[in-house]
Amino acid sequence: MIQVYYASRDQLLQAARLNLLNGDEHQRALCISRSDIRTEFVGTRALLRLALAKYLGRSPRSFQFDTRPNGKPFLTGHSGVHFSVSHSAGKAMISIASVPIGIDIEHIDGRLNFLQIAKCVFSPPELEALARSKPAERVRAFFSIWTRKEAYLKATGDGFSSRPELISVVSP
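Quick caveat: nothing in here was measured; it's all calculated off a predicted structure. (Residues numbered from 1 in each chain as written. Predicted model: local features only at pLDDT ≥ 70, side-chain atom pairs only at ≥ 80, totals over all residues. Heavy atoms only, no water.)

## Concerning the overall build of the protein
For the record, the criterion: Each helix is a run of H or I in the DSSP string that is no shorter than four residues. Each strand is a run of E no shorter than two, and both are numbered from the N terminus. C-alpha atoms define the radius of gyration in this analysis, and the globule rule sets the expected value at 2.2 Å times the number of residues to the power 0.38. Each residue is assigned to one of three classes by its accessible area relative to the maximum for its type, calculated with a 1.4 Å probe on protein chains only: buried under 20%, partly exposed between the two thresholds, exposed over 50%. Residues are treated as being in contact if the distance between any of their heavy atoms lies within 4.5 Å. Per-residue and other accessible areas follow the Shrake-Rupley method at a 1.4 Å probe size, with only the shown protein chains counted as cover for residues.
The helix and strand inventory of the protein stands at 6 helices and 5 strands. Reading the protein from its N end, one meets helices and strands in the order β-α-α-α-β-β-β-β-α-α-α. For the protein, the C-alpha radius of gyration of 17 Å lies close to 16 Å, the compact-globule estimate for 172 residues. For the protein, the spread of C-alpha atoms along the three principal axes comes to 50 × 35 × 25 Å. A burial count over the protein gives 40% of its 172 residues as buried. Considering only contacts in the protein between residues 6 or more positions apart, those separated by 24 or more positions represent 55%. Of the roughly 9800 Å² of accessible surface on the protein, 55% is carried by carbon and sulfur atoms.

Structure (structure tokens):
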């Protein structure tokens, strides 16, 4: 079973309770200078703890997290529980499952030099799909491919440190 949670900016503000976070998370939050980014981080971490508490029937403060060598976070002592977290522009998504899982959410920003980014990380079939999209829809097409790719790379644990241009998330 896969559980997916979504939170808007207002929900993140409501969830942004430092008392749910552990010492490391609290310290990370204190190091974030922009208050909106700090609130997004705290709210997302609090929601992750609340979602895991619901999934496992435990207290949200009881969880300990660690990271694998590639940077992927995991829940200490629960090898059968996998999660993925993404937040952007005041919104957050969290997925929890019994198998490796990835999720991504992005704010669509047309000012981004998305074509240059695509040349660096998209596979040839992804670049072709982007080129085939109508010019007015190209930004959305880019972010559609990008979020699928990032979710896949999160699920595998490879992230963008791997060779993302060798992985395609579009059908040929």
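Past the structure itself, the notes keep going.
## Details of the pairing of strand E4 (residues 82-88)
Worth spelling out the cut-off: Pairs of strands are assigned from DSSP output, requiring at least two bridges between the strands.
Of all 7 residues that make up E4, 5 are buried, and the element is covered over most of its length. Note: E4 against strand E5 (residues 91-97), 7 bridges, orientation antiparallel. Along E5, the bridge assignment pairs Val85 with Ile94. Hairpin connection from E4 to E5: 2 residues lie between these consecutive antiparallel strands, with Ala89 at a positive phi of about 50°.

## Structural notes on helix H6 (residues 138-156)
Cut-off, in case you're wondering: Expected helix span is given by 1.5 Å per residue-to-residue step, counting one fewer step than there are residues.
Across its 19 residues, H6 extends 27 Å between first and last C-alpha, which sits within 8% of the 27 Å expected from 1.5 Å per residue. Burial in H6 covers these residues: Val139, Ala141, Phe142, Phe143, Ile145, Trp146, Thr147, Lys149, Glu150, Ala151 and Leu153. Residues of H6 that are buried in the fold lie against helix H4 (114-121) and helix H5 (124-132). Taken from the residues just after H6, Gly157 is the one with a positive phi, measuring 85°.

## Brief notes about the packing of aromatic side chains
Just so we agree on the cut-off: Pairing of aromatic rings covers Phe, Tyr and Trp, the last counted by its six-membered ring, and requires centre-to-centre distances within 6.5 Å; plane angles under 30 degrees mean stacked, over 60 mean edge-to-face, and any other angle means tilted. Should the NZ of a Lys or the CZ of an Arg lie within 6 Å of a ring centre and within 35 degrees of the ring normal, that charge is described as sitting over the ring.
As enumerated under the stated definition, the model contains 6 aromatic pairs in all. Three or more aromatic residues joined by ring pairs make a cluster, and in this case those are Phe114, Phe122, Phe142, Phe143, Trp146 and Phe160. Residue placement shows Arg45 over the ring face of Phe65; its charged tip is 4.8 Å from the ring centre.

## Description of the confidence of the model for the protein
Quick note on the threshold: pLDDT is a residue-level measure of predictor confidence that goes from 0 to 100.
Looking at the protein, the pLDDT average stands at 92 and 100% of residues meet or exceed 70. Mean pLDDT in the protein bottoms out at helix H1 (residues 9-15), which sits at 82, and peaks at H5, which reaches 97.

## A short note on the packing of H5 against H6
This is how the line gets drawn: Note on method: axes are straight lines fitted to C-alpha atoms, helices fitted across the in-contact stretch only, with angles between N-to-C directions ranging 0 to 180 degrees. Geometric relationships in this document are graded by angle, where less than 35 degrees denotes roughly parallel, more than 145 denotes roughly antiparallel, 65 to 115 denotes roughly perpendicular, and other angles denote oblique. In this scheme, a crossing is called left-handed if the near helix is turned counterclockwise away from the far one by less than a right angle; it is called right-handed if the turn is clockwise.
The contact between H5 and H6 brings their axes to 8 Å, and the two run at 155°. For the element pair H5 / H6, the angle class is roughly antiparallel. The chirality of how H5 crosses H6 is right-handed. In contact with Glu126, Ala129, Leu130 and Ala131 of H5, H6 contributes Arg138, Ala141, Phe142, Ile145 and Lys149.

## A closer look at the side chain of Glu40
Short version of the rule: Asp and Glu are treated as the negative residues and Lys and Arg as the positive ones, with His and the ends of the chain left uncounted. Salt bridges are counted wherever a side-chain nitrogen of Lys or Arg sits within 4 Å of a carboxyl oxygen of Asp or Glu. Throughout this description, a polar contact denotes any pair of N or O atoms lying within 3.5 Å of each other; where both atoms belong to protein, one of them has to be capable of donating a hydrogen while the other can accept it, and for residues adjacent in sequence the pair is counted only when both atoms sit in side chains.
Tracing the backbone through its elements, the reader meets Glu40 in helix H3 (residues 35-56). Of the buried charged residues, Glu40 lacks a salt bridge, with Arg9 as the closest side chain of opposite charge at 5.4 Å. Polar contacts involving the side chain of Glu40 include one to the main-chain amide nitrogen of Gly90, which spans 2.5 Å. Non-local contacts of Glu40, meaning those with residues more than four positions away in its chain, are made with Leu12, His87, Ser88, Ala89, Gly90 and Lys91.

## A few points about the environment of Leu47
If you trace the backbone, Leu47 turns up in helix H3. With relative accessibility at 22%, the residue Leu47 sits in the partly exposed group. Sequence separation of Leu47 and His87 is 40 residues, and the distance between their C-alpha atoms is 11 Å. The contact partners of Leu47, leaving out residues within four places of it in the chain, are Ala7, Leu12, Ala15 and Ile94.

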